[in-house]
Amino acid sequence: MSFPRKTHWTKDVIPELDGKEVVLAGWVWDIRDLGNIKFILLRDREGTIQLTIKKGAVSDSVWSLIQSLGREDAIVVKGVVKASKVAKAGVEVFPSEIHVVAKSKALPIDIWGSVETDLDTRLRYRSVDLKRPINSLIFRVESEVVHAIRDTLYGQGFIEVFTPKIIVTSTEGGAELFAVQYFERVAYLAQSPQLYKEELTASLERIFEIAPAYRAEKHNTNYHLNEFISVDIEEAFANYTDVMAVLEDVIVNVYDRVNKMFGNELARYGIEIKIPRKPFRKITYDEALDILGRRGLKVNWGDDVPKNGMEILSEEFGEPFFIIHFPTDLRAFYTKPLDSDPKISESFDLVMGGLEIASGSSRIHIKEQLIEALRKRGLNPESFESHLMVYDYGMPPHAGWGMGLYRLLMVLLKRDNIREVVLYPRDRFRLEP
RNA sequence: GCCCCGGUGGUAUAGCCCGGUCUAGUAUGGCGGCCUGUCGAGCCGCAGACCCGGGUUCAAAUCCCGCCGGGGCGCCA
């Protein structure tokens, strides 16, 4: 099978190329057959373009090949661009060669948008579902979001690291872990890079990681997954307010970049990107409880803010906003208490879309205090020996946060199910595809 | 774990409450045909479904139980 190399994306075929020869490649999106004139909509990752084929104006071999063409056949097309008043896009391509490089059967789901398919069914045929233009857009945006996060963090002196995802024990208690067989031993999938990234501040100072995290929780919601991408940063010689500022920069840059690159395309799907302004509002946990109390939702001091509480606060303040100064006991053991009031911690959650998008804190950097914090939570310091060791050799004060990439995307793209923004989601009942 | 809802052609649904009228309707997709400017193309024709198991009944897509799934909440650095 020989065919010429693709020279243009469909979106790059513009009226100004009139008369130029191009090679396009992609899939047959639609065929409108009027007998002696046929229109083929060719789709690739970036969009669609109309191919126009008139009987008599093309070779007999191209004409006969068209007869057997079906939707989603993969084709490579060489042809001449024509600016056009008739074609709605203002441009079309008259093919001189068409290579059918793969045939397609009838699709198991509708990707054209005339019939909405259930998410569950779409995920079962996910690789077919991903052909839908909205999905192509979602994942191009996702790539750009990660790009913007990296740019922001590199720009502030962070370097990207990779920590083990197969670990020996729970990093911090809390969430359930998946057990895996590691030769003769049992190991676990990491729920977070937390301890490693803290350790790395003692050498690499400012680090970040974008990597999967695993939670063996049997939750069944539209915003939880058992495998997700966590964006984690940790910064030496910094506290929680410093890293909140980093987080604000990351969020604003992400929104700004997505708006610049995809704003128009997203608007066609009714998705509006509102760039948040810095600094984000910060309310304390105590203030949050007061407000919720006034709005008729009683939350006991020391309990987490429930989901409907987040939503009430979102209404009250607009988004995004931080909740800061959570009760120390509510947070993980490494969270640093306020010097002025140890019941309260130097901690924060970032709330967007009524969801906890990120959470972080200043960390305890003094070994004795950390051991004390472990004990208070009923954890055995001996099982944290390799972690505690680093605190003997000049552990700097440090702070950091973790952000759920998919939650950010879900809010950014206004999807109501997190699975929409994940290529192959892993949830309680879905292990394939 | 709790609550709610649902399983009908490839997909999405109507019918179910009130059993017989269902030879199961519609849309979209598929297949075949017609048309030289379609762009949600149009027109004609064809094929295609009651999740499974049990129960009630003269009779079950329809009622009951199981099974399976979805949604919401909770749990969750």
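Criteria and cut-off values
- Residues numbered from 1 in each chain as written.
- Chains lettered and ligands numbered in written order.
- Predicted model: local features only at pLDDT ≥ 70, side-chain atom pairs only at ≥ 80, totals over all residues.
- Heavy atoms only, no water.
- Helix = DSSP H or I, 4+ residues; strand = E, 2+ residues; numbered from the N terminus.
- Buried < 20%, exposed > 50% of the residue type's maximum accessible area, 1.4 Å probe, protein only.
- Contact = heavy atoms within 4.5 Å.
- Core = buried A, V, L, I, M, F, W, Y, C linked by side-chain atoms within 4.5 Å.
- Near = heavy atom within 4 Å.
- Polar contact = N/O pair within 3.5 Å; in protein donor to acceptor, adjacent residues only side chain to side chain.
- Axes fitted to C-alpha atoms, helices over the stretch in contact; angles between N-to-C directions.
- Parallel < 35°, antiparallel > 145°, perpendicular 65-115°, else oblique.
- Nonpolar A, V, L, I, M, F, W, Y, C, P; charged D, E, K, R; others polar.
- Domains from an automatic or database assignment.
- Phe/Tyr/Trp six-rings, centres within 6.5 Å; stacked < 30°, edge-to-face > 60°.
- Lys NZ or Arg CZ within 6 Å of the ring centre and 35° of its normal.
- Pairing = 2+ DSSP bridges.

J.: Help me understand the side chain of Glu420, please; the structure alone is not making it clear to me.
T.: Take Glu420: it is sitting in the segment after helix H11 (405-412). Assessed through its relative accessible area of 13%, Glu420 is described here as buried. Not counting chain neighbours up to four residues away, the residues in contact with Glu420 comprise Leu119, Arg122, Arg126, Asn135, Ile138, Phe139 and Arg415.

J.: Explanation requested: the nonpolar core in the structure shown.
T.: Most often, soluble globular proteins have nonpolar side chains that are buried together. By size, the foremost hydrophobic cluster in this structure holds 61 residues, and its most contacted members are Val141, Val145, Ile149, Trp401 and Met403. Here this core takes 13 residues from helix H6 (residues 240-267), the largest share from any one element. Val145 has contacts with Val254, Val258, Leu405, Leu408, Leu409 and Leu412, leaving out every residue within four places of it along the chain. Leu17, Leu24, Leu42 and Val91 belong to the second-largest nonpolar core, a separate cluster that totals 21 residues.

J.: It is not clear to me how the protein's contact with RNA strand B should be interpreted in this structure. Could you clarify?
T.: Close to RNA strand B lie 49 residues; Arg32, Val86, Pro108, Arg215 and His224 are nearest. Close to the protein, within 4 Å, the atoms of RNA strand B are drawn from sugar and phosphate at a rate of 54%. Note that a base nitrogen of RNA strand B is positioned 3.2 Å from one of the backbone N or O atoms of Lys88. Ser230 places a side-chain nitrogen or oxygen 3.3 Å from a base nitrogen of RNA strand B. Counting residues per element, the ones that place at least two in the surface near RNA strand B are strand S1 (21-33), strand S2 (37-44), strand S3 (47-54), strand S5 (91-102), helix H2 (119-124) and strand S11 (227-236). Take the surface near RNA strand B: its biggest share by element is three residues, from S1.

J.: When you look at the packing of helix H7 (residues 285-294) against helix H8 (residues 307-317) in this model, what are you seeing that I'm missing?
T.: Axis angle and axis distance: for two packed helices, these are the angle between their axes and the distance between the axes, and together they describe the pair. In contact at an axis separation of 10 Å, H7 and H8 are set at 90° when each is read in the N-to-C sense. If you check the angle between H7 and H8, you find them roughly perpendicular. Contacts from Ala288, Ile291 and Leu292 of H7 reach H8 at Gly309, Ile312, Leu313, Glu316 and Phe317. In terms of residue class, the contact of H7 with H8 is built from six nonpolar, one polar and one charged.

J.: Before we go on, may I ask you to explain the domain arrangement of chain A in this structure?
T.: You'll often see interface size given as the accessible area lost when the parts meet. Considered domain by domain, chain A is made up of domain 1 (10-102) and domain 2 (133-421). With centres defined by C-alpha atoms, the gap from domain 1 to domain 2 works out at 48 Å.

J.: Where do I start with the packing of aromatic side chains in this structure?
T.: Given two aromatic rings, their pairing is described by the distance between the two centres and the angle made by the two planes. Taken as a whole, this structure holds ten aromatic pairs when the rule is applied. Relative to Phe183, the ring of Tyr182 has its centre 5.2 Å away and its plane inclined at 70°; by these criteria the two rings are edge-to-face. A relative accessible area of 37% places Tyr182 in the partly exposed class. Ring centres of Phe322 and Phe348 lie 5.6 Å apart, and the angle between their planes is 90°; this geometry places the pair in the edge-to-face category. Here Phe322 is found in strand S13 (residues 321-324), whereas its partner Phe348 is found in strand S14 (residues 347-352), with 26 residues between them in sequence. Take Phe322: its relative accessible area is 0%, and that puts it in the buried class. Among the aromatic side chains, those forming a connected cluster through ring pairs are Phe280, Phe322 and Phe348. The aromatic ring of Trp112 is capped on one face by Arg71, whose charged end is 4.1 Å from the ring centroid.

J.: Please explain the environment of Leu350 as it appears in this structure.
T.: Here Leu350 lies in strand S14. Placed 162 residues apart in sequence, Leu350 and Tyr188 show a C-alpha to C-alpha distance of 28 Å. Contacts of Leu350, omitting those with residues within four sequence positions, involve Leu247, Ile251, Phe280, Pro320, Phe321, Phe322, Leu355, Glu356, Ile357 and Ala358.

J.: Would you mind going over the pairing of S1 with me for this structure?
T.: Regular strands place their side chains on alternate faces of the sheet. Of the pairings in the sheet, the one linking S1 to strand S4 (residues 74-83) comprises seven bridges and is antiparallel in character. When the bridges of S4 are listed, Glu21 appears paired with Val80. Here six bridges tie S1 to S2, and the two strands are oriented antiparallel to one another. What sits directly across from Asp33, in S2, is Lys38. Counting the residues that bridge the hairpin from S1 to S2 gives three residues, and of these Gly35 lies at a positive phi of roughly 100°.

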